[in-house]
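Fold and contact review
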Amino acid sequence: MSTGVPAGYDPYAFEPFAVTVDLAVFTVRDARLNVLLVERGEEPYRGCWALPGGFVRPRESAEEAARRELAEETGLAAHTASALHLEQLRTYSDPDRDPRMRVVSVAYAALVPDLPEPRGGGDAAGARWWDTGATGPLAFDHDRILADAYDRVCAKLEYTCLATAFCPPEFTLGELQQVYETVWGVTLDRPNFRRKVLTTPGFVQAVEGAPRRTGGRGKPAALYRAGAATALHPPLLRPEDHH
């Protein structure tokens, strides 16, 4: 079977357009949900804050581009960027979303444990973690992408085990509960949360050895790590009065 260009096909008959990737990278810092933003060092939107991202190169996939851009524009080590949990969010293709030319963006959402302060690289003038409630207007259509990514993260925490991605390799149930409370903006009942987590097969796995004291009064808290499960059955639903 021929894999060449069909006879009569003219690739120049269609207006060219570029493909980019944009990343909404979330973490929990100081009991607040943060998102990674970069300060644009070039036009358009020079000096404005935006989601990390960039153009997909001719010989790489969108996911490869996403991990490369994450490392380049934030200063994170390549092995750190390659280990992060990335999932494709959606495609943004409004014709006028970029003033330079027609640009289609594949957006990704990521949930990561607390990382060191990033530093700008590539064409970014700077990079930092921002409280998701205090980002201000972002470049391009990144406000929309960020809002969509936040909604996705909130929903994923209900029916998957991805909340553990915000935690260090070993964590307490109190730390895991704080992730839910921080992302959802609610207060959960501690005994009820603990019961749901421990009775869900494969959600968490106890760490053998001495427990760790969390700094509060009372007995030391037991340590856990992420279990083998990926989905929650039944789901851990948000309180109905959440905002």
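Preceding this section is the structure that the text describes.
This write-up is about the structure you can find in this document. (Residues numbered from 1 in each chain as written. Predicted model: local features only at pLDDT ≥ 70, side-chain atom pairs only at ≥ 80, totals over all residues. Heavy atoms only, no water.)

What follows concerns the pairing of strand 2 (residues 32-40). Counting buried positions over the nine residues of strand 2 gives seven, a clear majority of the element. Note that strand 1 (residues 18-29) and strand 2 share four bridges and pair antiparallel. Bridge pairing links valine 28 to leucine 33 in strand 2. Taking the residues between adjacent antiparallel strands as the criterion, strand 1 and strand 2 are bridged by two residues, where aspartate 30 takes a positive phi near 50 degrees. Judged from the seven bridges that link them, strand 2 and strand 7 (residues 124-131) form a sheet pairing that is antiparallel. The partner of valine 35 across the bridge, within strand 7, is tryptophan 130. Bridge analysis of strand 2 against strand 3 (residues 49-50) gives two bridges, and the strand direction is antiparallel. The residue bridging glutamate 39 from the neighbouring strand is tryptophan 49, located in strand 3. (Buried < 20%, exposed > 50% of the residue type's maximum accessible area, 1.4 Å probe, protein only. Helix = DSSP H or I, 4+ residues; strand = E, 2+ residues; numbered from the N terminus. Pairing = 2+ DSSP bridges.)

Next up on the list: the packing of aromatic side chains. Within the structure shown, the criterion is met by four aromatic pairs. Aromatic side chains tyrosine 180 and phenylalanine 193 sit 5.5 Å apart centroid to centroid with 65 degrees between the ring planes, which places their arrangement in the edge-to-face category. Here tyrosine 180 is found in helix 4 (residues 173-184), whereas its partner phenylalanine 193 is found in helix 5 (residues 190-199), with 13 residues between them in sequence. The residues tyrosine 180 and phenylalanine 193 share a single accessibility class, namely buried. Members of the aromatic cluster, each reached through a chain of ring pairs, are Tyr180, Trp184 and Phe193. The ring of tyrosine 92 has arginine 90 lying over it, and the distance from NZ or CZ to the ring centre is 4.6 Å. A cation sits over an aromatic face here: arginine 128 above tryptophan 130, 3.9 Å from the ring centre. (Phe/Tyr/Trp six-rings, centres within 6.5 Å; stacked < 30°, edge-to-face > 60°. Lys NZ or Arg CZ within 6 Å of the ring centre and 35° of its normal.)

Further remarks concern helix 4. Between its first and last C-alpha atoms helix 4 spans 17 Å; for 12 residues at 1.5 Å apiece the expected length is 16 Å, and the two agree. Restricting attention to buried positions, one finds in helix 4 the residues Leu173, Leu176, Gln177, Val179, Tyr180, Thr182, Val183 and Trp184. Among the structural elements, strand 1, strand 2, helix 3 (142-159), helix 5, strand 8 (204-206) and strand 9 (224-226) are those in contact with the buried residues of helix 4. Directly beyond the C-terminal end of helix 4, a positive phi value near 70 degrees is found at glycine 185. (Expected span 1.5 Å × (residues − 1). Contact = heavy atoms within 4.5 Å.)

Turning our attention to the nonpolar core. Residues Phe26, Leu157, Phe166, Leu176, Tyr180, Val183 and Phe203 are the most contacted members of the largest nonpolar core, which totals 42 residues. Secondary-structure elements contributing two or more residues to this core are strand 1, strand 2, strand 5 (85-92), strand 6 (103-111), helix 3, helix 4 and helix 5. Non-local contacts of phenylalanine 203, meaning those with residues more than four positions away in its chain, are made with Cys161, Thr164, Leu176, Tyr180, Val197, Ala226, Gly227, Ala229, Leu232 and Leu236. Counting residues in hydrophobic clusters, the runner-up holds 18 residues, among them Ala65, Val106, Ala110 and Leu115. (Core = buried A, V, L, I, M, F, W, Y, C linked by side-chain atoms within 4.5 Å.)

Taken as a whole and assessed by the stated rule, the structure comprises 13 salt bridges. Close ionic contact of lysine 156 with glutamate 87 constitutes a salt bridge, the shortest N to O distance being 3.5 Å. Here glutamate 87 lies in strand 5 and lysine 156 lies in helix 3, a separation of 69 residues in the sequence. Its relative accessible area of 17% is what places lysine 156 among the buried residues. Salt-bridge contacts for arginine 144 lead to aspartate 94; the nearest nitrogen and oxygen are separated by 3.4 Å. One end of the pair, arginine 144, is in helix 3; the other, aspartate 94, is in the loop between strand 5 and strand 6, and 50 residues separate them in sequence. Assessed through its relative accessible area of 35%, arginine 144 is described here as partly exposed. (Salt bridge = Lys/Arg side-chain N within 4 Å of Asp/Glu carboxyl O.)

With that settled, consider the packing of helix 4 against helix 5. Contact geometry of helix 4 with helix 5 gives a least axis separation of 11 Å together with a crossing angle of 105 degrees. Classified by the angle between their axes, helix 4 and helix 5 sit roughly perpendicular to one another. Facing Leu173, Leu176, Gln177 and Tyr180 of helix 4, the residues of helix 5 in contact are Arg190, Phe193, Arg194, Val197 and Leu198. In terms of residue class, the contact of helix 4 with helix 5 is made up of six nonpolar, one polar and two charged. (Axes fitted to C-alpha atoms, helices over the stretch in contact; angles between N-to-C directions. Parallel < 35°, antiparallel > 145°, perpendicular 65-115°, else oblique. Nonpolar A, V, L, I, M, F, W, Y, C, P; charged D, E, K, R; others polar.)

Any functional reading would require information that these geometric values do not contain.
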